[in-house]
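Listed here are the chains, written in short residue letters.
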Amino acid sequence: MIELEDVPELIDPVMVCAFEGWNDAGDAASAAVSHLDDTWGGKVFAALDAEDYYDFQVNRPTVWLDGGVRRITWPTTRLSVVRVTDPKPRDLIIVRGIEPSMRWRSFCNELLGFAHELGAELVVILGALLGDTPHTRPVPVSGVTSDAALARTLDLEESRYEGPTGIVGVLQEACAHAGVPAVTLWAAVPHYVAQPPNPKATLALLNKLEDLLDLRIPPGDLAEDSRAWQIGVDQLAAEDSEVAEYVQQLEEAQDTAELPEASGDAIAREFERYLRRRDNLGPTGEKPFAGHATAERPPEPKDAPEDSSEESPEESPEDEDGEDEG
């Protein structure tokens with residue numbers, strides 16, 4: 001039985017989830033929910049029992065000292081709530097965790113139990129995958145759902161993925177079977193620079209979440225970290241002629257593929273998004289701090305079939321098929 005005595009009544013709550021592991025290339029998705037939690041000072045109000053879902057030889061606990069007392073932190077999934085006030089009050093139920101080692105159906109059912117008890121109107125799952133995308137271009141972020149009506153309402157793609165899946169795909173389908181509206185946002189991380197962190201992909205996911213939920217998320221240091229990350233990758237690429245040539249090929253392929261998107265409607269949408277964000281910048285260029293704690297399909301690799309298949313962030317570029325499963 002789920003007891004939530006410490007959680008106040010929530011306003012238009014949305015559950016936002018991300019999981020470390022297979023669906024978290026460059027740690028982009030898990031860093032995004034951590035940013036939400038840290039920005040508004042979310043406090044954990046619930047945690048799943050680690051022994052029910054994790055193999056501690058795979059995800060080991062950590063020992064730390066608390067004033068000279070040794071304590072253990074167990075790998076698990078934790079929930080917190082933050083309240084966003086810009087442009088209007090809304091609560092986010094933040095789910096931060098690690099992809100479970102076992103009992104995935106029970107894991108999803110437990111999360112759905114929290115969503116039901118807290119009155120979540122929508123579940124948004126964040127993921128990141130390795131893709132044939134150049135680091136010099138905006139990070140492609142796609143939104144997919146298994147709900148045809150929701151796809152039409154939110155202008156998303158209806159998932160057609162078939163193949164191996166991670167906890168992101170399993171939770172998406174569990175929501176669909178339970179009648180809970182759910183959306184998955186995927187960021188495509190360049191496979192040739194897959195090591196974490198990737199602040200540019202994290203920021204792209206947060207920007208997409210802003211658009212989806214009509215929120216204002218202060219970027220904090222992410223904008224500057226993204227610029228520094230790209231400069232660093234530029235320098236590494238410049239030192240290797242083969243890498244530089246490969247990046248140029250990716251740029252040309254992506255620019256060619258996106259030419260049809262440079263329509264009047266697409267440009268208008270991007271301009272409106274720019275104005276919306278600009279209007280919420282403070283005098284120093286930062287978005288105003290607002291809120292407090294309350295207790296599109298990425299481009300497919302050239303050799304991939306029409307329906308891209310999912311991959312682990314640890315896979316090598318040669319084995320990469322791309323991913324976009326909801």
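As the structure is a computational prediction, the values presented were derived from the model and not from experiment.

Scanning all chains against the criterion turns up eight salt bridges. Linking arginine 96 and aspartate 37 is a salt bridge whose minimum nitrogen-to-oxygen distance equals 3.1 Å. Taken together, the positions of arginine 96 in strand β6 (residues 90-98) and aspartate 37 in helix α1 (residues 28-39) put the pair 59 residues apart, joining distant regions of the chain. Between glutamate 224 and arginine 227 there is a salt bridge, and its shortest N-O distance comes to 2.9 Å. Remark: arginine 227 and glutamate 224 occur in helix α7 (residues 222-238); sequence separation between them is three residues, near one turn of the helix. Taking the relative accessible area as the measure of exposure, glutamate 224 reaches 46% and is therefore partly exposed. Residue classification places arginine 227 among the partly exposed positions, given a relative accessible area of 48%.

In a regular helix each residue adds 1.5 Å, so 15 residues correspond to 21 Å; helix α3 (residues 104-118) covers 21 Å between its end C-alpha atoms and thus fits that length. Among the structural elements, β1 (14-20), β2 (43-47), α2 (50-53), β5 (78-84), β6 and α5 (167-178) are those in contact with the buried residues of α3. Directly after α3, the chain includes glycine 119, whose backbone phi takes a positive value near 75°.

The next thing to look at is a nonpolar patch on the surface. A contiguous nonpolar patch, built from Val63, Ile72 and Trp74 and spanning about 280 Å² of accessible area, is present on the exposed surface. Relative to the elements of secondary structure, valine 63 occurs in strand β3 (residues 62-66).

All right, on to the pairing of β3 then. Note: β3 against strand β4 (residues 69-73), five bridges, orientation antiparallel. Across the sheet, the residue bridging to valine 63 is isoleucine 72, located in β4. The turn linking β3 back onto β4 is made up of two residues, and glycine 67 within it adopts a positive phi angle of 60°.

Turning our eyes to something else, we now look at the packing of aromatic side chains. A complete count under the given rule lists five aromatic pairs for this structure. On the numbers, 6.1 Å between centres and 85° between planes, the contact of tyrosine 192 with tyrosine 246 is edge-to-face. Taken together, the positions of tyrosine 192 in the loop between β10 (182-190) and α6 (199-213) and tyrosine 246 in helix α8 (residues 241-258) put the pair 54 residues apart, joining distant regions of the chain. Take tyrosine 192: its relative accessible area is 24%, and that puts it in the partly exposed class. Residue class for tyrosine 246 comes out partly exposed when judged on its relative accessible area of 24%. Taken together, the ring pairs connect Phe19, Tyr53 and Phe107 into an aromatic cluster.

The next subject is α6. Look at α6: 21 Å from first C-alpha to last across 15 residues, which is about the 21 Å you get at 1.5 Å a residue. The buried fraction of α6 is high, at 12 of 15 residues. Among the residues making up α6, those that are buried are Pro199, Lys200, Ala201, Thr202, Leu203, Ala204, Leu205, Leu206, Leu209, Glu210, Leu212 and Leu213. Phi turns positive one or two residues past the end of α6, at aspartate 214, with a value near 55°.

The next point concerns the nonpolar core. One finds Val16, Leu36, Leu92, Val124, Leu126, Leu185 and Leu213 to be the most contacted residues of the largest nonpolar core, which totals 39 residues. Among the secondary structure elements, those contributing two or more residues to this core are β1, α1, β5, β6, β7 (122-131), β10 and α6. In terms of residue count, α6 provides more of this core than any other element does, eight residues in total. Beyond its immediate chain neighbours, meaning those up to four positions away, leucine 213 contacts Val14, Arg90, Leu92, Leu122 and Val124. Cys17, Ile93, Val95 and Ala115 belong to the second-largest nonpolar core, a separate cluster that totals 37 residues.

The next thing to look at is the packing of α1 against α6. In contact at an axis separation of 8 Å, α1 and α6 are set at 60° when each is read in the N-to-C sense. In terms of orientation, α1 and α6 fall into the oblique class. Relative to α6, α1 is oriented so that their crossing is right-handed. Here Ala28, Ala29, Ala31, Ala32, His35 and Leu36 of α1 come into contact with α6, specifically with Ala201, Thr202, Leu205, Leu206 and Leu209. Counted by class, the contact of α1 with α6 contains nine nonpolar, two polar and no charged residues.

Rules and cut-offs
Residues numbered from 1 in each chain as written. Predicted model: local features only at pLDDT ≥ 70, side-chain atom pairs only at ≥ 80, totals over all residues. Heavy atoms only, no water. Salt bridge = Lys/Arg side-chain N within 4 Å of Asp/Glu carboxyl O. Helix = DSSP H or I, 4+ residues; strand = E, 2+ residues; numbered from the N terminus. Buried < 20%, exposed > 50% of the residue type's maximum accessible area, 1.4 Å probe, protein only. Expected span 1.5 Å × (residues − 1). Contact = heavy atoms within 4.5 Å. Patch = residues over 30% accessible without salt bridge, like charges linked within 9 Å, V, L, I, M, F, W, Y side chains within 5 Å. Areas by Shrake-Rupley, 256 points an atom, 1.4 Å probe, with all protein chains shown as cover. Pairing = 2+ DSSP bridges. Phe/Tyr/Trp six-rings, centres within 6.5 Å; stacked < 30°, edge-to-face > 60°. Core = buried A, V, L, I, M, F, W, Y, C linked by side-chain atoms within 4.5 Å. Axes fitted to C-alpha atoms, helices over the stretch in contact; angles between N-to-C directions. Parallel < 35°, antiparallel > 145°, perpendicular 65-115°, else oblique. Left-handed = near helix turned anticlockwise from the far one by under 90°. Nonpolar A, V, L, I, M, F, W, Y, C, P; charged D, E, K, R; others polar.

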